[in-house]
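Chain residues, written in single-letter form:
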Amino acid sequence: MTTLRGSALPLVRILLFAAAVTVGLVPTCNSFTASSTSTLPHRRSAARSICNRPCRPSAFPAAAAAASSSSFFDELSSRFQGDFDNYDQVLCDRRDNLLPREGGGHENIHCTLVPVAVQPILSHVRSDTRQARLAAFYFDGLPDRIFRFRLYSLWSRDEDDDGNTSRSGNGSATQNAEEAASAKTTATETATTMAPCGMTLYSLSAETEGMLRGLSGRPVEWGAALERYLSSISPTEPFRELSGCDVEWTPDPDPDRHAYAYGTSSRLHPDDAHHAVMVNGEATIPSMMNPGSLIRVVDELSLWSDDFWINDRGFDPDTGNFIYGNQKGVPYKMKRVASLVGVGTKQERRIDNEELAWTLGDEFRSVEQYKENMDAIGGMSTVLNAPSKSKKEA
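Basis of the calculations
Residues numbered from 1 in each chain as written. Predicted model: local features only at pLDDT ≥ 70, side-chain atom pairs only at ≥ 80, totals over all residues. Heavy atoms only, no water. Helix = DSSP H or I, 4+ residues; strand = E, 2+ residues; numbered from the N terminus. Contact = heavy atoms within 4.5 Å. Areas by Shrake-Rupley, 256 points an atom, 1.4 Å probe, with all protein chains shown as cover. Buried < 20%, exposed > 50% of the residue type's maximum accessible area, 1.4 Å probe, protein only. Pairing = 2+ DSSP bridges. Axes fitted to C-alpha atoms, helices over the stretch in contact; angles between N-to-C directions. Parallel < 35°, antiparallel > 145°, perpendicular 65-115°, else oblique. Nonpolar A, V, L, I, M, F, W, Y, C, P; charged D, E, K, R; others polar. Salt bridge = Lys/Arg side-chain N within 4 Å of Asp/Glu carboxyl O. Phe/Tyr/Trp six-rings, centres within 6.5 Å; stacked < 30°, edge-to-face > 60°. Polar contact = N/O pair within 3.5 Å; in protein donor to acceptor, adjacent residues only side chain to side chain.

### Regarding the overall build of the protein
Then step 1. A count of helices and strands for the protein gives 11 helices and 14 strands.
Then step 2. Across the protein, contacts joining residues at least 24 apart in sequence account for 67% of those joining residues at least 6 apart.
Then step 3. When the accessible surface of the protein is split by element, carbon and sulfur atoms take 54% of a total near 18800 Å².

Written as structure tokens, this is what we have:
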């Protein structure tokens, strides 16, 4: 039985969702079947069953690690690492004739989150940073074609609602005052345990990013390489804060911003995930892909133990036209592929999902396997990001 938290949808709304699922108005995981009349090629026998197979609870080790965490920050940190990929979602899109952008479908996107030691970067980021992640995103299982590189600074809010950090009472000898102090301490401790977690985003300087891109296929080496780079080169500004892009993580979904998480999966419940929104709702920042222009960014995130959904959209701030993201508001639904354990030179990559391990790069697949998997999804990103002929023959 799923335990509902305080901000769960009202009962009436839940019943409406249940009714919608019953009559087929809201898609479930099993709604994506192979009965579509798609004309795209499907050569991989294993791929044919992905959209038809029943949803099942995750059995990956990361779930147990997250469940044993003693606080929201620790639980979020244990989940927010490793590799995630939405290949299964894209395969189902293509079976339903959904191509990216105007077609209502998704590109195949992979996300790698690498824990890095805080001390070496602390002089370049927020002073209250508790943990940090290098984040890289790439298309179509090609880690050498990263389209976004970021540094995330994670910090927690240990204050009570009045902005106080003290956990003690006022020392009054009266019984009423002692009880009030005790109650306040208990409330503060509870709020601290489940306090929202802030995340500040940084872009990387060209030199810092270039150094890491040289190790694009070996993320377990990024942390140690970054430490060496910062200590030997002493760059003045290796990271630049993306102003106005701070994100706040909470243990509860926003009924409106995270409405996408309700009624769409029989194995993932929104109250079992950690959710995030942009603190300011949206932000207008310089475009990394088109220097000299601006882009309005809107983003929501939902993170389960082994699933990471990203509802990231970009718009032209003048015309409102879509630049990137899913135009139907359906998030990129990525499944955990691997976990990264440890930091620095002691970091290890553990494969959690063998069926998606091929998305990690050339050493995890054959040329034939990669071609079959790409042929199965087709689409714009496949054409734009296809390996060169020389690489295929290598």
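### Focus: the pairing of strand E5 (residues 197-204)
Then step 1. Across the eight residues of E5, eight count as buried, placing the element largely inside the fold.
Then step 2. As defined by bridge partners, strand E4 (residues 146-156) adjoins E5 across seven bridges and the pair is classed as antiparallel. When the sheet's bridge partners are listed, Ser-153 is paired in E5 with Thr-200.
Then step 3. Here three bridges tie E5 to strand E6 (residues 239-241), and the two strands are oriented antiparallel to one another.

### Comments concerning unusual backbone geometry
Then step 1. Residue Asp-140 is not a glycine yet carries a positive backbone phi of 50°.
Then step 2. Here Asp-140 falls in the buried class, since its relative accessible area comes to 0%.
Then step 3. Not every positive phi belongs to a glycine, and Ser-234 is a case in point at roughly 50°.
Then step 4. Ser-234 gets classed as exposed once you look at its relative accessible area, which sits at 51%.

### Brief notes about the packing of helix H5 (residues 87-95) against helix H9 (residues 367-377)
Then step 1. It is at 8 Å that the axes of H5 and H9 come closest, and there the two elements cross at 45°. Viewed along their axes, H5 and H9 adopt a mutual orientation that is oblique. In this structure, H5 uses Tyr-87, Val-90, Leu-91 and Arg-94 to contact H9, whose residues at the interface are Asn-373, Met-374, Ala-376 and Ile-377.
Then step 2. Its residues assigned to classes, the contact of H5 with H9 shows six nonpolar, one polar and one charged.

### Some details on the environment of Glu-241
Then step 1. Relative to the helices and strands, Glu-241 resides in strand E6.
Then step 2. Its relative accessible area of 45% is what places Glu-241 among the partly exposed residues.
Then step 3. Ignoring sequence-local partners within four residues, the contact set of Glu-241 consists of Thr-200, Leu-201, Tyr-202 and Asp-246.

### A short note on H5
Then step 1. Taken across its nine residues, H5 has nine buried, putting it largely inside the fold.
Then step 2. When H5 is considered as a whole, its buried residues turn out to be Tyr-87, Asp-88, Gln-89, Val-90, Leu-91, Cys-92, Asp-93, Arg-94 and Arg-95.
Then step 3. After H5 finishes, the residue Asn-97 shows a positive phi value of roughly 60°.

### Side note on the pattern of salt bridges
Then step 1. What the rule picks out here adds up to 17 salt bridges.
Then step 2. With a shortest N-O distance of 2.9 Å, Glu-221 and Arg-218 are connected by a salt bridge.
Then step 3. Owing to a relative accessible area of 33%, Glu-221 belongs among the partly exposed residues under this scheme.
Then step 4. For Arg-218, a relative accessible area of 39% puts it in the partly exposed group.
Then step 5. Taken together, the shared-partner salt bridges connect Arg-257, Glu-300 and Arg-313 into one network.

### Details of the packing of aromatic side chains
Then step 1. Taken as a whole, this structure holds 12 aromatic pairs when the rule is applied.
Then step 2. For the pair Phe-80 and Phe-308, a centre-to-centre distance of 6.0 Å together with 85° between the ring planes defines the contact as edge-to-face. Of this pair, Phe-80 sits in the loop between helix H4 (72-79) and strand E1 (82-85) while Phe-308 is found in strand E11 (residues 307-315), placing the two residues 228 residues apart along the sequence. Considered together, Phe-80 and Phe-308 belong to a single accessibility category, that of buried residues.
Then step 3. Ring-pair connections join several aromatic residues into one group, and the members of that group are Phe-80, Phe-84, Tyr-152, Trp-249 and Phe-308.

### With respect to the side chain of Thr-129
Then step 1. Here Thr-129 lies in the loop between strand E2 (109-116) and strand E3 (131-139).
Then step 2. Polar contacts involving the side chain of Thr-129 include one to the main-chain carbonyl oxygen of Arg-126, which spans 2.8 Å.
Then step 3. A distance of 2.6 Å separates the side chain of Thr-129 from the side chain of Ser-153, its partner in a polar contact.
Then step 4. In contact with Thr-129, not counting residues within four places along its chain, are Val-118, Leu-122, Ser-153, Leu-154 and Trp-155.

That's the geometry; what it means functionally is another story.
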